[in-house]
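Secondary and tertiary structure notes
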Amino acid sequence: IHGQTTEDDLIVMLRLLVQSAPEAVGISDRGEYEEPPLVMALKASLYAGEYDPDDYLYIRIERRIHEMVRIMLQHNPQAASMVLKGARGHYTALHSAVFHGRCSDTINLLLQAEEKCPIKQECPIHRGEQPNKAALLANSQGELPLHFAAMRGEPPRSFFFLSEAAPKAVLKRDTQGLTPFDWLWIRFVSILLSLDDRSSRAANNNGSNGSSTATAETLVPVQRRRPPPPTTTTTSSSSSTSASGTSTTTTASTSTSSPGYEHNRELNKYSDFCSLERGDFYADLKLIRRLDPPADFLRMRHIPQEFLLREDVHEDDVENENDSTRQPPQDWSKRSIQLLKRIRTRHIQHVQQQQQQQDDPHDGGKEPQDSSSSVATATVPANGADRHMIAWTRIEAVTALFWTKVVSFLRAAHLAEHNMSSTLFAALQEQDIHNNFYLAHAAFASTCCPPPVVEIVSSLFPHELSLADERGRVPLHYAACRSWEYCGNGNSKVSSQEGGSGG
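Remember, it's a predicted structure, so these values are computed and weren't measured experimentally. (Residues numbered from 1 in each chain as written. Predicted model: local features only at pLDDT ≥ 70, side-chain atom pairs only at ≥ 80, totals over all residues. Heavy atoms only, no water.)

**Re the overall build of the protein chain**
Along the protein chain, the regular secondary structure elements total 17 helices and 4 strands. Across the 503 residues in the protein chain, those meeting the buried criterion constitute 51%. A sequence separation of at least 24 residues applies to 72% of the contacts in the protein chain between residues at least 6 apart. Counting only carbon and sulfur atoms, one obtains 50% of the accessible surface of the protein chain, whose full area is about 23,200 Å². (Helix = DSSP H or I, 4+ residues; strand = E, 2+ residues; numbered from the N terminus. Buried < 20%, exposed > 50% of the residue type's maximum accessible area, 1.4 Å probe, protein only. Contact = heavy atoms within 4.5 Å. Areas by Shrake-Rupley, 256 points an atom, 1.4 Å probe, with all protein chains shown as cover.)

Okay, structure coming up:
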C-alpha cells in the first residue's frame, strides 16, 4: 500500500472507473448526507486515521485527494455544482472540501469547475434569491464555505480563492449574526488565548515539561521571502531568484501556483511584509499547518468564554491585573499592532539588506537587528550557513497569517460594496480606471469588519486616513455613516444583515 507503484495503480483504476461512467461521479448514495463519490473523495482523510501534520503521510493524503478530485471533475465538471441535502441542510462539494480542510488547490479545482457549470438546481431555503454560486449557498445555520474556512482557520490561499469567487460571502451572517470576518477574529483570539495558556504552563513548569509544547515564543526557522514563482506558460528562472543568487525553475504544468494570488496587487502591497509562503505549495502547506493548525469539526464553532467575558468588561471593573479573562478587549488589537509593526520592520530591514547585497555581493554577511524587538537577536540563526533563514516566533507566525487573511477579506468587502467581480476589478486596475484601493477605507466602510481589526488597519496605515478614494471620501466619511454594532461577542441580534457604507 505504501509503495509508489501501488499508489499509481490506484489512481489508474480510479481514472478507468470515471472514464467508463462519468455520470457516477455525481450519483448520491442513500445515506444521511446523500454523498456522491466526489464528496467521499473530499472527505477521504477521515478514513486515514490519526496522523501528524508533520508526517509525510499528511502531504501524501492531500496530494492523492487532489488528484482524485481533478480526475473526477475533468470528466464530470457538473458534479461541482450539484446541490445536495445533508443533516445541516443543503450543501455542495465545495462545502465538504472546506469543512474537511482540503488544500487550497483542491478548493480551487472545485471553484473552476463550478464556474464552467453554474448551479441550476433550486434550493428551498433560498427561494427568491437563489444563489448561482456554491460559495454563496448557506446551510440551515446560515453558514457558507467562507464561514467554515474562518471557523477552522484555514490557510490564506483558501481564504483568497473563496473570497475572490464570491466577494459578497464575506458580508453574509449566519444564524448567530456572525460574518466570516467575525469568525476570523474569534478564531485568531482563540489561538492567542491558547498560546498564552501554553506559555503560562511552560513558565510554571520552569521549562521542565514544556520543551515539546509550542508556546508563543517558540522559534521556528523559515526561509527568507523569495519572489513568487511565474505562472506563465513558459519556463522562467529570472523572476524566482533568491537572495543568495540561486535561481529556481518553475513551469506552468505545476498546480501549485495560481495567477491572481501571488501576483495580486493588494495582497503584495498590504501583506507581503508578513507572508510566510515561499511559493512551494506543499512545503508551505506543511509549514502553515504546523504553525497554525486548523480547528477540527468538533471545535470549529466554539467561542471561548474569555472572549465573551471581555466584550462586557470595562477597565474600571478589572479586579486582578493577572487575570487574562478580565483584561480589556482592546489588548488583543494593541498586541497584534505591536507584533505586525515588528514584523514589518524586520521585513524592511531584510529588503534593504538584499539591496546592499546586490550593490556589494562581498558584504552580505551582516544582519541588521531591530532594537525594538525583544527577540531581535534571535530573528536570524547564529549559524552563518543558515543566514537565509528567519526565526519567527509562533505568535508572530499566527499573527502574520491572520493579517494576510484580513487583507483578502477587506478586498472582497470592497468588491462587494462596489458590486464588482474580481475579474472586472483587475481589468479596471489595468486600465487605471479604479486604481486607488485603500485598506483603511475598506475597513471603515464595511460593517462586516470587526472594530478591533479597524483599529489594527488604522495603526498600520495611518497615512491612508487623510487620503480620498474615487468617491472623494476619506475614512471618516465611512466611519460616520456605518453601523458600529459589533456581533463578535456571539450576540445573534444585529441591526444590519450585510456590510456596506450606506449612501
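There is more to say, and it comes next.
**Here we look at the nonpolar core**
Counting residues in each nonpolar core, the largest one holds 112 residues, and the members touching the most others are Leu38, Leu110, Phe181 and Trp403. The element best represented in this core is helix α13 (residues 394-417), accounting for 14 residues. Leaving out residues up to four positions away in the same chain, Phe181 has contacts with Val170, Val406, Phe409, Leu410, Cys448, Cys449, Pro450 and Val453. In this structure, Ile59, Phe281, Tyr282 and Leu285 belong to the second largest nonpolar core, which totals 6 residues. (Core = buried A, V, L, I, M, F, W, Y, C linked by side-chain atoms within 4.5 Å.)

**Some thoughts on the packing of aromatic side chains**
Scanning all chains against the criterion turns up 11 aromatic pairs. Summarising the aromatic geometry, the rings of Phe99 and Phe148 are spaced 5.4 Å apart at their centres and angled 75° between planes, so their arrangement reads as edge-to-face. Taken as a pair, Phe99 in helix α4 (residues 93-99) and Phe148 in helix α6 (residues 145-152) lie far apart in primary sequence, 49 residues in all. Ring pairs connect the aromatic residues Tyr270, Trp403, Phe437 and Phe461, which therefore count as one cluster. The aromatic ring of Phe273 is capped on one face by Arg344, whose charged end is 5.9 Å from the ring centroid. The lysine or arginine in question, Arg344, covers the ring of Phe461, its NZ or CZ lying 5.6 Å from the ring centre. (Phe/Tyr/Trp six-rings, centres within 6.5 Å; stacked < 30°, edge-to-face > 60°. Lys NZ or Arg CZ within 6 Å of the ring centre and 35° of its normal.)

**Some remarks on the packing of helix α3 (residues 56-75) against helix α5 (residues 104-116)**
Running from amino to carboxyl end, α3 crosses α5 at an angle of 10°, the nearest separation of the two axes being 9 Å. Viewed along their axes, α3 and α5 adopt a mutual orientation that is roughly parallel. Contacts between α3 and α5 involve His66, Val69, Arg70 and Leu73 on the former and, on the latter, Asp105, Thr106, Leu109, Leu110 and Ala113. Considered class by class, the residues forming the contact of α3 with α5 number 5 nonpolar, 2 polar and 2 charged. (Axes fitted to C-alpha atoms, helices over the stretch in contact; angles between N-to-C directions. Parallel < 35°, antiparallel > 145°, perpendicular 65-115°, else oblique. Nonpolar A, V, L, I, M, F, W, Y, C, P; charged D, E, K, R; others polar.)

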